[in-house]
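Below, each chain spelled out in residue letters.
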Amino acid sequence: EVTDTGTVGGDYAQATLDDLLQEKSLEAQYLSPTYLRQPLQQFVEEQDHGVFWLQAPAHVGKSLFVEGLLAEAGLEEPLVAELKVVAFHIRREYRYDVALLKDYLTDMLKQALDVRAGKKDLPELALDRAEAGAAFGQWLGQWLSIYQRVHRRTEAKLLVCLDGLDELIAPVTTSDSPEILALVPLP
């Protein structure tokens, strides 16, 4: 237990110390799963858009795999050159809705793509459309297009991971907002 300025286990702790411990824990646990990585890499290389749905039994390392794909984790080389990755992790203990997902992804996209509003507003997810999956796909496409123009990276790709869709207990749906699963684009 650290007792000076970086108290661990007390009422407060330094965020940087907590982040460092989390990072070191991830590094210690991470082993690149080639059997997951190769099919995803092939999909990203060959497709310009689409859904790669990874299903596997619980506790085989799907979430850790997603964590390893993120650039800030620094655990692996990118799947392909010019790939930007953002992730939203769903945990069984919490209730999620589309507004939370949209706000979180907006923040992560701004950060990962290094863009912000200038004379034009950043893309807004149109949740009032009948086909939520198509709207979600178009919204992500708009983000990628902005990144490609701003950074002059026409070959750039965007990978958005929705980790833990199987953890959604009861979809939260209102009359003006679809459930999170409805955002997954159809083939």
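Small disclaimer: the values here were computed from a predicted structure and weren't measured.

Calculation criteria
- The numbering scheme is per chain: residues are counted from 1 as the chain's sequence reads.
- Two thresholds apply to this predicted model, a pLDDT of at least 70 for residue-level local features and 80 or more for giving and counting side-chain atom pairs, whereas whole-chain, interface and lining totals are computed over all residues.
- Hydrogens are left out, water is left out, and the side-chain values use all remaining heavy atoms of the structure.
- Labels follow the DSSP assignment, with helices taken as runs of H or I lasting at least four residues and strands as runs of E lasting at least two, numbered in each case from the N terminus.
- Only protein chains enter the accessibility calculation, which uses a 1.4 Å probe. A residue is then buried if its area is under 20% of the maximum for its type, exposed if over 50%, and partly exposed in between.
- By definition, residues are in contact when any of their heavy atoms lie within 4.5 Å.
- To be clear on the numbers: accessible area is Shrake-Rupley with a 1.4 Å probe, and residue cover counts the displayed protein chains and nothing else.
- Neither His nor the chain ends is counted toward charge; the positive residues are Lys and Arg and the negative residues Asp and Glu.
- Salt bridge, as used here: a side-chain nitrogen of Lys or Arg that lies within 4 Å of a carboxyl oxygen of Asp or Glu.
- Expected helix span is taken as 1.5 Å per residue step, with the number of steps being one fewer than the number of residues.
- This arc is built from the directions going out from the helix axis to the C-beta atoms.
- Two N or O atoms count as a polar contact when they lie within 3.5 Å, although within protein this holds only if one can serve as hydrogen donor and the other as acceptor, and sequence-adjacent residues are included solely when both atoms are side-chain atoms.
- Here, strands pair whenever DSSP counts at least two bridges between them.

A.B. asks: When you look at the overall build of the chain in this model, what are you seeing that I'm missing?
C.D. replies: What the chain contains, in helices and strands, is 5 helices and 2 strands. Counting from the amino terminus, the chain carries its helices and strands in the arrangement α-α-α-β-α-α-β. By the burial criterion, 32% of the 187 residues in the chain qualify as buried. Here the analysis covers contacts within the chain between residues at least 6 apart in sequence; of these, 65% occur between residues at least 24 apart. Surface exposure of the chain reaches about 12,600 Å², of which carbon and sulfur atoms provide 50%.

A.B. asks: Can you help me understand the side chain of Lys62 in this one?
C.D. replies: Within the secondary structure layout, Lys62 lies in helix α3 (residues 62-69). Among buried charged residues, Lys62 stands out as having no salt bridge; its nearest opposite-charge side chain is Asp166, 5.1 Å away. Residues in contact with Lys62, not counting those within four places in the same chain, are Leu54, Ala56, Pro57 and Asp163.

A.B. asks: Just checking my understanding: could you explain helix α2 (residues 34-46) for this structure?
C.D. replies: In this model, α2 (13 residues) spans 18 Å end to end at C-alpha, consistent with the 18 Å of a helix rising 1.5 Å per residue. Where α2 is concerned, the buried positions are Leu36, Arg37, Leu40 and Val44. Each buried residue of α2 lies within a common arc of 90 degrees when the element is viewed along its axis, so the set occupies one face. For α2, exposure combined with an orientation more than 90 degrees from the buried face picks out Tyr35 and Glu46. Elements that come into contact with the buried residues of α2 comprise α3, β1 (83-89) and β2 (157-163).

A.B. asks: Looking at this model, I keep getting lost on the side chain of His89. Mind explaining?
C.D. replies: Among the secondary structure elements, His89 is positioned in strand β1. Take His89: its relative accessible area is 17%, and that puts it in the buried class. Here Glu67 takes part through its side chain, which lies 3.0 Å from a polar atom of the side chain of His89. Side chain to side chain, His89 and Asp163 meet in a polar contact 2.9 Å long.

A.B. asks: I tried to follow the pairing of β2 on my own but got confused; where do I start?
C.D. replies: Looking down a regular strand, the side chains alternate between one sheet face and the other. Burial runs high along β2: 5 of the 7 residues are buried. Pairing between β1 and β2: 7 bridges, direction parallel. Bridge pairing links Val86 to Val160 in β2.

A.B. asks: Honestly, the environment of Ser32 in this entry has me stumped. Any pointers?
C.D. replies: In this fold, Ser32 is placed in the loop between α1 (15-29) and α2. Owing to a relative accessible area of 29%, Ser32 belongs among the partly exposed residues under this scheme. Along the chain, Ser32 and Gly68 lie 36 residues apart, while their C-alpha atoms are 7.9 Å from each other. Residues in contact with Ser32, not counting those within four places in the same chain, are Arg37 and Glu76.

A.B. asks: Sorry, what's going on with helix α5 (residues 132-151) here?
C.D. replies: Along its 20 residues, α5 runs 29 Å from first to last C-alpha, staying within 8% of the 28 Å computed at 1.5 Å per residue. For α5, the elements touching its buried residues are β1, α4 (98-113) and β2. Its side-chain oxygen at 3.1 Å from the backbone nitrogen of Gly133, Glu131 defines the N-terminal cap of α5. Of the residues one or two after α5, Arg152 is the one with positive phi, at around 55 degrees.

A.B. asks: What is the right way to read unusual backbone geometry from this model?
C.D. replies: The general pattern is negative phi for most residues beyond glycine and trans for most peptide bonds. One non-glycine residue, Glu82, adopts positive backbone phi at about 65 degrees. Take Glu82: its relative accessible area is 32%, and that puts it in the partly exposed class. A positive phi is found at Asp114, a non-glycine position, where the angle reads about 55 degrees. Within the element layout of this structure, Asp114 appears in the loop between α4 and α5. Asp114 gets classed as exposed once you look at its relative accessible area, which sits at 54%.

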